[in-house]
Amino acid sequence: MLVLGIESTAHTFGVGIVTDERPYILSNIRDTYVPKSGGMKPTDLARHHATVAADVVSQALKEASVSIKDVDHIAVALGPGIGPALRVGAVVARTLALKFDKKLVPVNHGIGHIEIGYLTTGAKDPLILYLSGGNTIITTFYEGRFRVFGETLDIALGNLIDVFSREVGLAPPYVVNGKHVIDICADQGGKLIDLPYVVKGQDMSYSGLLTASLKAARKYDLHDVCYSLREVAFDMLLEATERAIALTGKREVMIVGGVAASVSLRKKLEDLAREWDAEVKIVPPAFAGDNGAMIAYAGLLAGKHGVFVDVENSHIRPRWRIDEVPIPWRA
Amino acid sequence: MEGLRLIKRGAESVIYEGYFLGIHAIFKKRVSKSYRDPKLDKEINEQRTMYEARTIYSVLKAGINAPAVLFVDLANFTIVMEFVEGAVVREYIDGRKFDEKGLRELGEKIGHVAGKLHKAGIAHGDLTTNNLILKDNGELFVIDFGLSKRTNDVEDFATDVHVLLRSLESVHPEAKDPLFEGFISGYSIEIPNYKEVIDTVREIRMRGRYVEERRSKASDK
């Protein structure tokens, strides 16, 4: 079985093609929009995606050495994400489905990150940290759904770090030689400045930390602010993670999403896991950020269980939570 | 800490059972985290040890069941407190020891206790089924006040209710409805303006990311 998957929830337009046997992933092409300054405007995102879409689709087919006729299903990330960006992916998917008479598989973007994590790390029964620019979620699979143990109550960890880096002039680019600029800056600091540490039960709140850090950046050495921000932000997440490990007794911790690439976070998590005799499994960099292969792969699993949507009902779902998605393929 | 028996390793502390001046006691020692900056680690552990001891005192004064504090060793982040015989509510629910009526009654008990705490101006900070002990005689004890605070802010009370609801949803999805219905009926007896608290709970949940209800217009379709 061959599935073509389309990702367009945020800054990346990606297309991946997967099959249900080794090596599973036949191609994974993406084009990511990076604004020259400031944040991302939804309309600019949509324009970017619409401009690159056709090329990305044909490159993905070419690299997988398959024809669109060989593809069984079209999978598309219908949410969660930014409306105008989502719509581009949805339109491309609907067009392919209608023109080539393929069934359409609706995929939740977060489930895509999680499933590609299972596939690439070999995790069996993990506690899952889904960390990206838009999400900070601690979850695990239980009785048909991914249950959310804890999450951010406002902005995501990745968003906190990116916005801070940008506002104090460290970014763009956000990542230099595989390291986030906040880490490069923090490694030269070491004095802890008092910043708000907000854990509510198993949830975290990062928006106050962002405001306080931006204020602190005007008063203290920037390296120390970077260090303090990183320590407080990560330690909040680690504390909530540790509670979830204690609560669930899981022996694997799987990290998925764009923030999974962070070296300093990895070190902290490994220290934490050692104390609990657990193993840290991190999605490889190629599948950490948003990509089409993860949508195709989650679509392959869903399609095998008859999860399809008619084109006329294939609405985008900008606020589609992962715990709303039935997961029939994990009984 | 000789002569003590390790009984539980929690996320932030280690619990030992033993005797303190002849009294059956538990020794709760907060542990340092190797992943945490040492200064931040000390601040967090010291502050929470102190808050917990102080809060337990206020909780007992308000007539709510909690283990009495026998001794505090701040330098070692340790509190010695009375041993409470029983099992945490989570284990009771997991053991399917209750039918729907039993779950509703249990929820009601939890509602009364949470309401009494809030009435006394105390937010627990981590009100989950792991932090409630049910004794065989049916008395409900509240434990683990490390994240608690003195407050009269509806937001803090609503956060308690939200955390409880979240713990029911993620750990006991099948038991959530009767438990929470019971909770509301117990809570509303203690807190006359409980509707304001429940509205704030909804507000807090709406602030979460990707909450479908938050979208009031259907323009995204």
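Criteria and thresholds
As a convention, each chain's residues are numbered from 1 in the sequence order in which they are written. Written order determines the labels here, with chains lettered from A and ligands numbered from 1. Given that this is a predicted model, residues contribute local features only at a pLDDT of at least 70 and side-chain atom pairs are listed and counted only at 80 or more, while totals for whole chains, interfaces and linings are drawn from all residues. Calculation of side-chain values draws on the structure's entire complement of heavy atoms; hydrogens and water are dropped beforehand. Residue ranges assigned to each domain were obtained from an automatic or database domain assignment. Contacts between residues were defined by any pair of non-hydrogen atoms, one from each residue, lying within 4.5 Å. The quantity reported as buried area is the accessible area (1.4 Å probe) lost by two parts once they are put together, taken as the sum for both. The rule for a salt bridge is simple: a side-chain nitrogen of Lys or Arg has to be within 4 Å of a carboxyl oxygen of Asp or Glu. Nitrogen and oxygen atoms within 3.5 Å of one another constitute a polar contact, given that in protein one can donate a hydrogen and the other can accept it, and given that sequence-neighbouring residues count only through two side-chain atoms. Counting from the N terminus, the helices are the DSSP runs of H or I reaching at least four residues and the strands are the DSSP runs of E reaching at least two. For a helix, the expected span equals 1.5 Å multiplied by the residue count minus one. Burial here depends on accessible area, computed with a 1.4 Å probe over protein chains only, as a share of the maximum for the residue type. Under 20% is buried, over 50% is exposed, and the range in between is partly exposed. We call two strands paired when DSSP finds no fewer than two bridges between them. A crossover gets the label right-handed when its path from the first strand over the helix to the second runs clockwise, viewed with the strands pointing away from the viewer. By convention, a stacked pair of Phe, Tyr or Trp rings (six-membered ring in the case of Trp) has centres within 6.5 Å and planes under 30 degrees apart, an edge-to-face pair has planes over 60 apart, and any other such pair is tilted. Should the NZ of a Lys or the CZ of an Arg lie within 6 Å of a ring centre and within 35 degrees of the ring normal, that charge is described as sitting over the ring. Only Asp, Glu, Lys and Arg are considered charged, only Ala, Val, Leu, Ile, Met, Phe, Trp, Tyr, Cys and Pro nonpolar, and every remaining residue, Gly among them, polar.

**Quick look at the domain arrangement of chain A**
All names here are of chain A. Split by domain assignment, chain A resolves into domain 1 (2–113 + 287–324) and domain 2 (125–282). Look at where the C-alpha atoms of domain 1 and domain 2 centre, and you get two points 27 Å apart. The interface is formed by 14 residues belonging to domain 1 together with 14 residues belonging to domain 2. A combined buried area of about 1,100 Å² lies between domain 1 and domain 2, and 61% of that area is made up of carbon and sulfur atoms. Contact with domain 2 buries surface across domain 1, with His 113, Ile 322 and Asp 323 losing the most and accounting together for 40% of the total. The interface formed by domain 1 and domain 2 holds one salt bridge in total. Across the contact surface, domain 1 and domain 2 share four residue pairs in polar contact (both at pLDDT 80 or more).

**Some details on helix H5 (residues 176–190) of chain B**
Given a rise of 1.5 Å per residue, 15 residues ought to cover 21 Å, and the 21 Å separating the end C-alpha atoms of H5(B) matches this to within 8%. Regarding H5(B), the residues found buried are Pro178(B), Leu179(B), Phe180(B), Gly182(B), Phe183(B), Gly186(B), Tyr187(B) and Glu190(B).

**Considering the pairing of strand S3 (residues 25–32) of chain A**
Residue and element names in this part refer to chain A. In this structure, strand S2 (residues 12–19) lies alongside S3, joined through seven bridges in antiparallel fashion. Among the inter-strand pairings, Phe 13 is bridged to a residue of S3, identified as Asp 31. Connecting S2 to the antiparallel partner S3 that follows it, the hairpin turn spans five residues, and Tyr 24 within it adopts a positive phi of roughly 65 degrees.

**Notes on the pairing of strand S14 (residues 279–282) of chain A**
Residue and element names in this part refer to chain A. Looking at chain direction, strand S13 (residues 252–256) and S14 are connected through four bridges and run parallel. In the strand pairing of S14, Val 253 is matched with Val 280. One crossover worth recording links S13 to the parallel S14 by way of helix H8 (residues 263–275), and it is right-handed.

**Brief notes about the packing of aromatic side chains**
In total, this model carries eight aromatic pairs over all chains according to the counting rule given. Aromatic side chains Tyr24(A) and Tyr297(A) sit 6.4 Å apart centroid to centroid with 80 degrees between the ring planes, which places their arrangement in the edge-to-face category. You can see Tyr24(A) sitting in the loop between S2 and S3 and its partner Tyr297(A) sitting in helix H9 (residues 292–304), a full 273 residues away along the chain. On the accessibility criterion, Tyr297(A) (11% relative accessible area) is buried. Between Phe180(B) and Phe183(B), the aromatic rings sit 5.6 Å apart at their centres with planes inclined by 5 degrees, giving stacked as the arrangement. Of this pair, Phe180(B) and Phe183(B) both sit in helix H5, three residues apart, which is roughly one turn of that helix. As far as the burial class goes, Phe180(B) and Phe183(B) line up, both buried. One aromatic cluster is present, built from ring pairs that chain together Tyr118(A), Phe141(A) and Phe146(A). Its guanidinium or amino end placed over the ring of Phe308(A), Lys103(A) lies 4.5 Å from that ring's centre, counting from NZ or CZ. Geometry around Tyr118(A) places Arg330(A) over its ring, the cationic atom sitting 3.5 Å from the centre.

**Some points on the pattern of salt bridges**
Applying the stated rule across the entire model yields 40 salt bridges over all chains. The salt bridge involving Glu231(A) is made with Lys268(A); its shortest N-O contact spans 2.8 Å. Residue Glu231(A) is located in helix H7 (residues 222–248), and its partner Lys268(A) is located in helix H8; the two are separated by 37 residues in the primary sequence. Of the charged contacts, one joins Lys28(B) and Asp144(B) as a salt bridge, the two residues approaching to 3.0 Å between their closest N and O atoms. Taken together, the positions of Lys28(B) in strand S3 (residues 23–30) and Asp144(B) in the loop between strand S9 (140–142) and strand S10 (149–150) put the pair 116 residues apart, joining distant regions of the chain.

**Thoughts on the environment of Glu100(B)**
All names here are of chain B. Structurally, the position occupied by Glu 100 is in helix H3 (residues 100–119). Take Glu 100: its relative accessible area is 51%, and that puts it in the exposed class. Sequence-wise, Glu 100 and Asp 177 are 77 residues apart; in three dimensions their C-alpha atoms are separated by 9.2 Å.

**Overview of the domain arrangement of chain B**
Residues and elements named next belong to chain B. Segmenting chain B into domains produces domain 1 (5–82) and domain 2 (87–216). Summarising the inter-unit geometry, the C-alpha centres of domain 1 and domain 2 are found 23 Å apart. Taken together, the contact pairs 15 residues of domain 1 with 16 residues of domain 2. Buried surface at the junction of domain 1 and domain 2, both sides included, amounts to about 1,300 Å², of which 63% is carbon and sulfur. The three residues of domain 1 that bury the most area against domain 2 are Thr 55, Ile 64 and Asn 65, which together make up 39% of that side's buried surface. The interface formed by domain 1 and domain 2 holds five residue pairs in polar contact (both at pLDDT 80 or more) in total. Contributions of two or more residues to the side of domain 1 that touches domain 2 are made by S3 and helix H1 (38–61). In terms of residue count, H1 provides more of the side of domain 1 that touches domain 2 than any other element does, seven residues in total. Of the residues contributing to the side of domain 1 that touches domain 2, the split by class is seven nonpolar, three polar and five charged.

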